[in-house]
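Fold and contact review
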Amino acid sequence: IVTTLHTILSEPSSSQRLVIDELAKLSERLVVMRESGAELLRKDVELAFAIELIFGRSGAFYQRSYESGLIDASFAASYTGERDHGYTAVGGETEAPEKLRTAIIGAVDGALRDGFATEDFLRIKNKAMGKFLRNFNSLEFVASSFIQGYFLDITFFDYLPAVEAITLDSVRAGGAEDFRSELMS
């Protein structure tokens, strides 16, 4: 049995400590999640911005690839981050999967080499804030954000300050860390 501890209490009560000790006895291994909810949120936003800047529909890669017929409207890119792992999925329908793979890697390498335009970054940042605020019209969004935040020890009110704190340099650094070629498949 492998037990994953998502929250570590700095000062557990004696009964809480007893439960942890018992879990440790019953488990072959204990895994402790290191990143806080705020760190995960920051990383999620940075990588979402990097993905949008590289692969978004208004970007050069998408326009060039769509116009050449390499991709169609099914093309998408997204990041999913959890406490113990994260991944980026990029792709869509194509008649030339190897050519698309090469183009995707080239787009990532180019972005890491050349960086992102400030005006594009600011547009993406403003778009993210507007979309978040617009989503408050959806009861489903509010409920799912509340539940997701609860398990990450954050609230949905932490999102806007996190977005406001993101800089172009932090997006570049996050992309450089997570889009290394040895991590791609």
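So, how was this worked out
Residues numbered from 1 in each chain as written. Predicted model: local features only at pLDDT ≥ 70, side-chain atom pairs only at ≥ 80, totals over all residues. Heavy atoms only, no water. Patch = residues over 30% accessible without salt bridge, like charges linked within 9 Å, V, L, I, M, F, W, Y side chains within 5 Å. Areas by Shrake-Rupley, 256 points an atom, 1.4 Å probe, with all protein chains shown as cover. Salt bridge = Lys/Arg side-chain N within 4 Å of Asp/Glu carboxyl O. Helix = DSSP H or I, 4+ residues; strand = E, 2+ residues; numbered from the N terminus. Buried < 20%, exposed > 50% of the residue type's maximum accessible area, 1.4 Å probe, protein only. Phe/Tyr/Trp six-rings, centres within 6.5 Å; stacked < 30°, edge-to-face > 60°.

Take a nonpolar patch on the surface next. A contiguous nonpolar patch, built from Phe146, Ile147, Tyr150 and Phe151 and spanning about 500 Å² of accessible area, is present on the exposed surface. Along the chain, Tyr150 falls in helix H6 (residues 139–152). Taking the relative accessible area as the measure of exposure, Tyr150 reaches 56% and is therefore exposed.

Looking now at the pattern of salt bridges. One side chain can pair with another of opposite charge once the charged atoms of both are near each other. Within the structure shown, the criterion is met by 7 salt bridges. Of the charged contacts, one joins Arg42 and Glu46 as a salt bridge, the two residues approaching to 2.9 Å between their closest N and O atoms. Of this pair, Arg42 and Glu46 both sit in helix H2 (residues 37–55), separated by 4 residues, roughly a single helical turn. Judged by its relative accessible area of 37%, Arg42 is partly exposed. According to the relative accessible area criterion, Glu46 is buried, its value standing at 6%. Asp120 serves as the salt-bridge partner of Arg123, at 3.4 Å between the closest nitrogen and oxygen. Of this pair, Arg123 and Asp120 both sit in helix H5 (residues 118–134), 3 residues apart, roughly one helical turn. Accessibility expressed as a relative area gives 37% for Arg123, which makes it partly exposed.

Take the packing of aromatic side chains next. What the rule picks out here adds up to 12 aromatic pairs. Measuring from ring centre to ring centre gives 5.8 Å for Tyr62 and Tyr66, while their planes differ by 10°; the resulting arrangement is stacked. Of this pair, Tyr62 and Tyr66 both sit in helix H3 (residues 60–67), 4 residues apart, which is roughly one turn of the helix. Look at Tyr66 and you get partly exposed, because its relative accessible area is 43%. Between the aromatic rings of Phe132 and Phe136, the centroid separation amounts to 5.1 Å while the plane-to-plane angle is 90°, which identifies the pairing as edge-to-face. Among the residues examined, Phe136 registers a relative accessible area of 29% and is labelled partly exposed. Of the aromatic side chains, those joined through ring pairs into one cluster are Phe132, Phe136, Phe141, Phe156, Phe157 and Tyr159.

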